[in-house]
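The chain contents come next:
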Amino acid sequence: MEQIEKSPINWTESDVSAWLRSIGVKEQYIKKLHEEEVDGQTLLALTEDFLKTQICMKLGPAHLIIQKRDLLLNSQRNKQTTRGKSSELEQKKSIEGPQTTEEGSEVPVRHKEVSKERQTVQKEFVLSSKEDCKPRPFDEDENDFIYVKHRVLQPESGAFNLTSPCHEYKSFAVAATLDRTRLQAKFAREVFKFASGCMNIRSNGTIHFGVMDSKENKEYVHGEIIGIPIKEKDIYVDALDLSERSFRADKEQVLQCVRPPRFIEVMDRESTEKRYVVEVDIVPLLSIVKNKVFVVRLPNFKEATNKLEFEKEVILRRVGSKTEPVSDKDLGDFYQRVKDRDAQRDEAEKKQFLVAPESCQDLGRKLTMLLTSGKKFIAKDKWFILVTNKFRSDDLSDIDWLLNMNVFCVFDFDPDSKISGLCCKYLEHHAANMHFLQSYRIPAGMTIKEFTNHLHLFEQTSWIFCNGRSDFKGNETSCDEMTWIKTKMTFLRESVSLICKQILPKGTFQVLFLLTSPVEKPLLHTFYEFFTDMEGHEDIIFISECEKNYHKWQSVAESYCGKEAVNNSSIVGMKMSHINATLQHVQPIKAHVRKHLPVFVKGTCLLETQIEEQMYSLEILTVNHCDESTKEFIKEEKENIEQQFYRGGRVTWLNFWLAEHKHVEGVIERDAYSETSRLLNHALKYSVDQTPVNCINIYHHPGSGGSTVARQVLWHNRKDLRCAVVKSYPTSVVAQHAIELREYEEKDPQKCLPVLLLLEDIDKEYIDDLRNELEVAVNIKQIQYGTLCFILLSCRRSHDPERKCKESPLQNVSVTHKLSDREKRRFAGKRQTLEERYAPQFILTFVLMSEEFSQDYVQDFVKHLLQDIDQKSVVTLLIHYVALLNTYVQNSFISQSHCEALLALTVHLERFRQHAFENLLSDQAKLVFLHLRDDKTHIESIRIIHPLVAKEILQQLLGGKQTQSRLAMNLLSEKVLFEHRFGREEYLSFLRQLFLRRSRISKGDEYDSFFSPLIEHVCDNEKNPNEAIELLKEAFNCFHQDPFFAQQLARLHYTHEKFEEAKHWAETAAKQLPNNSYILDTKGQVYRKWFQAKCKAIENESKPKTPQNTVDAVDTALKALECFQECERAADAEMEDVNTSGFFAEVEVGCSLLKLISSLQVFANRTNGHAECMKYLLTDYIPEELDHAWEPFHGRLKKLHKTMQDALEWISEDLSYFQTDIGDEEETLESPEEKISHPLTWLAKKSAEYADQKDAVRRLEHILTLYPSNPLKAKFTQRDISAVEHLEKGYWAKMKDIPQRKRRIYTHFFLGNGNGLDKFVHKRKFDKITKGFSVSEKRLKWFSGEAWKSPDIATMLKRVSGWTEDRVVYLEGPQKRKFNILPLFVPSVPHGNENITFYLGFTFRGPVACNILVKK
């Protein structure tokens, strides 16, 4: 198993779950332990008692887990014959002791033994996993060297070749705390003892204080770096003055051989206390020690006498790793062999200087290989993270290579960077957002996607000032190293972890450490955090021109990665100017790119990069787009770019550029391209009635090339119009940037080129809002009426594009899978050319398109594809999952990171990652999987080449062996996919849509559905509603008991008349979201359907209806009414939405209840039964037959007429305020249970049911009356003005903080040419003028003024005179009072003060001016 390959202490929760399965533990226990977040560290601390009491596990499995865990640890210990290198992360985790049982209880002896053994195993496991490090280079200055606490030096050693130093370690933990005299005595004793031993055998040596000797403390391993606190370094330096008394002879020679103490700082990530290793080097050069034997008197502080004494003279020598005295019997021989030792030293010193000089590295090639991952170019979509300190001013002129890279963020330790450093220089060329480390602390409840949008990550470089910012007026000052560790270290750790573990997947980015000035501790801590969170060094690169700066860095980096790894990832000694020139050769775009935009006077202007980046909501298409690509890049990549497109990838600007520059053949122009171009050219022609914002819609079958058509239109108009693609940002932001793009580098806002904006797969509501925002902006800027400012080119999928085109041929264009004869000829010729150049698998989608995606062809293609596929392989399972998502969720995909997790792929080197992933795929998967890369984040993902192919693969792969419901259940159970962190939000979004999103014709689907298409498939095609219920239950649990899944379960249950269960799920949803009107509506619908079922059952019994046999039905109806009234109150409180469903449903149930009551035998069989029924409902009268049986209901039933009248009046008022045509419904999870398509007709019908038939019209007229019986006379009176002002106040009282598109007022009447009541003309009389057009088309015709030109309008309506002042419309009222009239279409108001005429309309907001014309 894979997890066993790494140490158990480092296992994740998923690793632990996999191990538990491998030893046969039941799934229910595995799930429970996973929920309790039991990872490897926790597993080591588990006790049998804990498993039984806290996890409620049976004794058998609990004992099994503990036994198998201990066996595993034993085997790990036995395997560890040498000190293995494991992640530094292990050292951060502490091993907890065994958990105790309840207070006072004794642990059985057997358990104590197991616990003791486990503690021993755990201790040995940790001790053996500490990582090695190298000592400071011998006899070199310590300024650029640093140790890391808990790293382990090689074991103490004896003399090897005399010039390689021997080593001795002393923890000095106790001695370091002594007073000055005692400390100096202890320090000098150890130094002189070691030094005399080394000098006497002529060997170099180093004694280390602050490094553990294993004999001293069993908690540490031999050679482990701990460090000692040092307050005064001079204590240690002065201690060597004792040599005067320790060496009676040769004092000078001793001091020449014994170097002064060196203090090497110890870095400890868990502490702010400064610690050091004190090292003394011994260098017995032959010229100093020749012919000498050194005799020493070791100092010793006698506690008995409380003074420093010196022991008797002794001759010491190194024997192996120890220093021992020369015995009396060996003394003669030792003196005789002095000359031999001198000769050996002489030879050793000569060899030391005969070492060949190092050969010069090819740093240029090494640099390019590191940054290109071994490829010919730096990937265009690779992100880079820079970590740097203060830049030299000379180097700032050589950063062109940085300016061309995708810099995700910069960790900048230079407080002056914004004033005079790298940041200042970068901002001359790019936009960047200034942040601090704490900016990356994600607020509670905010998703990763929301957070990245909040900081504008991926759009603009995030510049993180890590140690203050000198030009910032807030409290962000720089600080010294130790203060930084105390105050900012946690923020650094959080920010690095967030980026590496949740925002950027491994392999999508590289980290560049630019060591441009002396390295300090915070920079070293930053390296450690990246190293641990990136799980290795493979994507970390170090660049330093100065070797001195690099050495301190090197000492720490090597302690983590090893010498070879650090050397392979480092570029040392290369000037910044050389780096600049070298890297520009492997960058895909040229340096100093200058982009251009067209201008009104037919020339071009320069588009500054930082200005372009500030308009981040738009992807701006420039005149010379893609010209920045280097010739080398084009030559290398043109075939890959073309293949990706013809396999089904979205067309890129490079596809058009390559064709335009004859590098490849042109992209076929569908007929729809010509049609769209024709509509665009028509819109560009000047017209007095031209609206400032025009819309053209391209409706297309999924995968039919609609997006290609739209982008072709932009590409071919980029030199005449300002073109851009709208990204996913709020309409207010997009409108602001669109205005800036239009006016950029233009002198006069009245004279600018129109902006062509492409919106792909964006809801109509968003487009309407954007249009409104743009129109308001144009109006504020007082652009002359008739000037075209913006063209919105909307490209949306549709199941029936041709029908959309017929609805509005002057605005809509269709793209289908069906080819015209002309297109067939073009596709046939292109196919032949492509087949000569590429193998079939590289042009699959093009071949399918040339076959018009005929069902037979797709079936045959998939049948051939799936021959000999391995049904049991995990890759085939992946194909199943992707096909399921692609079939039911539009634009869905699975991130490559998710796929790798499912396939259990682990690759340590990024350059091999893509190759390794593709090697794992089967031949079938390689054919049908299309590799995508997100335009914004550059995260890779896969989908099947076309949704029709995905659907066919799903059907043929499953065949009759498996159902889609079972496959969906398996997908939900794939915890490795569900819990994978990168791309998680998108993946969970697709899963939610799979189970919750209903089909909508308005969204381009084939039909409107009551449930998600998958759930409907399970219910209707598989005939298995119970399985659909189980699916939603599993999804409910997987999504942490999401109330919207509970809502769906309620709906599914009541649809199949399982009302008790439906009630349970509706209450479950309402408990979590008690103020959500849509969920309360569902709860009401449960009772409503239940009531209907009970009424039906009563009817089917064919028995007279009595109070006794209807009591249950009446109770249910009243509960439904209560729920709908709750829904109404919640809807009224919701400020951002208008949900009317509760009012409609209340009336529906009320009418049904009235019908039931009136059909009771007590009323139906009497001649005056109707009057008797009314008497019961409207007065205190209660018939004897009802008195007891309906006792709980009387009060509520007698209020029924009032609540129903209130609901009806609310509905009628709502319909009076707002337009009654039903447009496209906004797609949300919270959509009403049922949609009333013709509310006015419904209102008349229900009013008739509620009242007498003859009274229906009168009652409805009463409710809908706009004004009193004679609302307006020929002239306005003061009373009329007051009435209108009252109406306007009522309108604003009814308004909420709802989107502008939902605030549209409805104009009921217009002032006509008739007399009396004929003076008021209802708008329905105009319907024939716009008959046959869609709602949006009608609106466009009225707003543009086209409809007002009809002769019928001129005949029926009366034009009135008025004037404008500062763009406000006025009409003269009585007593010369100015009466403000709202313009229905604001852009039609002239900018100056003019006399005007207009048609007068009447709404609940007040009078409105329509079709405003300036008086000639």
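Nothing here was measured: the structure is a model prediction, and the numbers come from that model.

Enquirer: An account of the overall build of the protein chain is needed here, citing residue identities and associated values.
Expert: Along its length, the protein chain carries 61 helices and 35 strands. Taking all 1416 residues of the protein chain together, 54% fall into the buried category. Taking as baseline every contact in the protein chain between residues at least 6 positions apart, the subset at least 24 positions apart corresponds to 72%. Approximately 64700 Å² of the protein chain is accessible, and the part contributed by carbon and sulfur atoms is 49%.

Enquirer: Quick one: what's the story with the nonpolar core, residue by residue and with numbers?
Expert: Core analysis: the largest hydrophobic core is formed by 171 residues, its most contacted members being Phe 995 and Leu 1153. Excluding anything up to four places from it in sequence, Leu 1153 contacts Phe 1091, Val 1114, Ala 1117, Leu 1118, Leu 1121, Leu 1197 and Leu 1200. The next biggest cluster of nonpolar side chains, apart from the first, holds 52 residues, and it includes Trp 484, Ile 499, Phe 513 and Leu 524.

Enquirer: Could you give me a rundown of the packing of helix α29 (residues 671-684) against helix α30 (residues 706-717), with the residues and numbers involved?
Expert: Close contact between α29 and α30 brings their axes to 9 Å; oriented N to C, the two are set at 50°. One way to sum up the angle between α29 and α30 is to call them oblique. Judged by the sense of rotation from one axis to the other, the crossing of α29 with α30 is right-handed. Touching Ala 672, Tyr 673, Thr 676, Ser 677 and Leu 680 of α29 are Val 709, Gln 712, Val 713, His 716 and Asn 717, all from α30. Its residues assigned to classes, the contact of α29 with α30 comprises five nonpolar, five polar and no charged.

Enquirer: Talk me through α30; I want residue IDs and the actual numbers.
Expert: If you check α30, its first and last C-alpha atoms are 17 Å apart, about what twelve residues at 1.5 Å a residue would give, namely 16 Å. Most of α30 sits inside the fold, with eleven of its twelve residues counted as buried. Residues of α30 that are buried: Gly 706, Ser 707, Thr 708, Val 709, Ala 710, Arg 711, Gln 712, Val 713, Leu 714, Trp 715 and Asn 717.

Enquirer: I'd love a proper account of the sheet that holds strand β26 (residues 894-895), names of residues and values included.
Expert: Strands pair in a sheet through their backbones, by hydrogen bonds, and they do so in one of two ways: parallel or antiparallel. Across the sheet, which stays open at both edges, the three strands sit in the order β26-β28-β27 with antiparallel pairing between neighbours. The strands lining the two open edges of the sheet, one partner per strand, are β26 and β27 (929-933). With five bridges joining them, β27 and strand β28 (residues 940-944) adopt antiparallel strand pairing. Among the inter-strand pairings, His 931 is bridged to a residue of β28, identified as Ile 942.

Enquirer: Account for unusual backbone geometry, with residues named and values stated.
Expert: Phi is positive for Ser 373, close to 55°, though the residue is something other than glycine. For Ser 373, a relative accessible area of 10% translates into the label buried. Non-glycine residue Lys 602 carries a positive phi angle of around 75°. Take Lys 602: it is sitting in the loop between β18 (595-598) and β19 (604-607).

Enquirer: If you had to explain the packing of helix α42 (residues 964-973) against helix α44 (residues 984-996) to someone new, which residues and values would you point to?
Expert: The relative placement of two packed helices comes down to the angle between their axes together with the axis-to-axis distance. In contact at an axis separation of 12 Å, α42 and α44 are set at 150° when each is read in the N-to-C sense. By the angle between their directions, the pair α42 and α44 is classed as roughly antiparallel. In this structure, α42 crosses over α44, and the sense of that crossing is left-handed. On α44, the residues that touch Ala 968, Leu 971 and Leu 972 of α42 are Tyr 987, Leu 991, Leu 994 and Phe 995. A class-by-class count of the residues in the contact of α42 with α44 yields seven nonpolar, no polar and no charged.

Enquirer: Describe in detail the side chain of Gln 184, supporting the description with residues and values.
Expert: Checked against the element boundaries, Gln 184 lands in helix α8 (residues 180-201). Aside from chain neighbours lying at most four places away, what touches Gln 184 is Ile 235, Asp 238, Ala 239 and Leu 242.

Enquirer: Just give me the short version of the sheet that holds strand β4 (residues 262-267), but keep the residues and values in it.
Expert: Judged by pairing direction, the sheet is mixed, and its five strands sit side by side in the order β1-β4-β5-β3-β2 without closing on themselves. Bordering the open sheet on either side are β1 (147-148) and β2 (166-170), each of which pairs with just one other strand. Here β1 runs beside β4; their pairing, made up of two bridges, is parallel. When the sheet's bridge partners are listed, Tyr 147 is paired in β4 with Val 266. On top of the sheet, α8 reaches β2, β3 (205-209) and β5 (275-282); it is set at about 160° to β3, its chief contact.

Enquirer: Describe in detail the state of the cysteines, supporting the description with residues and values.
Expert: Considering all chains together, one arrives at zero disulfides under this definition. Unpaired in this structure, Cys 789 has its nearest cysteine sulfur neighbour in Cys 752, at a distance of 7.9 Å.

Enquirer: How would you summarise the pattern of salt bridges if you had to cite specific residues and measurements?
Expert: Enumeration over the complete set of coordinates arrives at 59 salt bridges. Across the pair Glu 428 and Lys 425 runs a salt bridge whose closest N-O atoms are separated by 3.8 Å. Taking relative accessible area as the criterion, Glu 428 reaches 45% and is therefore assigned partly exposed. In this structure, Arg 831 and Glu 835 form a salt bridge, with 3.1 Å as the shortest nitrogen-oxygen distance. Of this pair, Arg 831 and Glu 835 both sit in helix α34 (residues 821-837), four residues apart, which is roughly one turn of the helix. With relative accessibility at 44%, the residue Glu 835 sits in the partly exposed group. In the salt-bridge network here, residues are joined through shared partners; they are Arg 136, Asp 139, Arg 259, Arg 262, Glu 279 and Asp 281.

Enquirer: Talk me through the packing of aromatic side chains; I want residue IDs and the actual numbers.
Expert: What characterises a pair of aromatic rings is the spacing of the ring centres plus the angle enclosed by the ring planes. Applying the stated rule across the entire model yields 40 aromatic pairs. When the ring of Phe 527 is compared with that of Phe 531, the centres are 5.9 Å apart and the planes differ by 35°; the resulting orientation is tilted. Here Phe 531 and Phe 527 lie together in helix α22 (residues 521-533), a separation of four residues that amounts to about one turn. With centroids separated by 5.0 Å and ring planes inclined at 80°, the aromatic side chains of Phe 1036 and Trp 1065 adopt a geometry described as edge-to-face.

About the criteria used
- Residues numbered from 1 in each chain as written.
- Predicted model: local features only at pLDDT ≥ 70, side-chain atom pairs only at ≥ 80, totals over all residues.
- Heavy atoms only, no water.
- Helix = DSSP H or I, 4+ residues; strand = E, 2+ residues; numbered from the N terminus.
- Buried < 20%, exposed > 50% of the residue type's maximum accessible area, 1.4 Å probe, protein only.
- Contact = heavy atoms within 4.5 Å.
- Areas by Shrake-Rupley, 256 points an atom, 1.4 Å probe, with all protein chains shown as cover.
- Core = buried A, V, L, I, M, F, W, Y, C linked by side-chain atoms within 4.5 Å.
- Axes fitted to C-alpha atoms, helices over the stretch in contact; angles between N-to-C directions.
- Parallel < 35°, antiparallel > 145°, perpendicular 65-115°, else oblique.
- Left-handed = near helix turned anticlockwise from the far one by under 90°.
- Nonpolar A, V, L, I, M, F, W, Y, C, P; charged D, E, K, R; others polar.
- Expected span 1.5 Å × (residues − 1).
- Pairing = 2+ DSSP bridges.
- Disulfide = S-S within 2.5 Å.
- Salt bridge = Lys/Arg side-chain N within 4 Å of Asp/Glu carboxyl O.
- Phe/Tyr/Trp six-rings, centres within 6.5 Å; stacked < 30°, edge-to-face > 60°.

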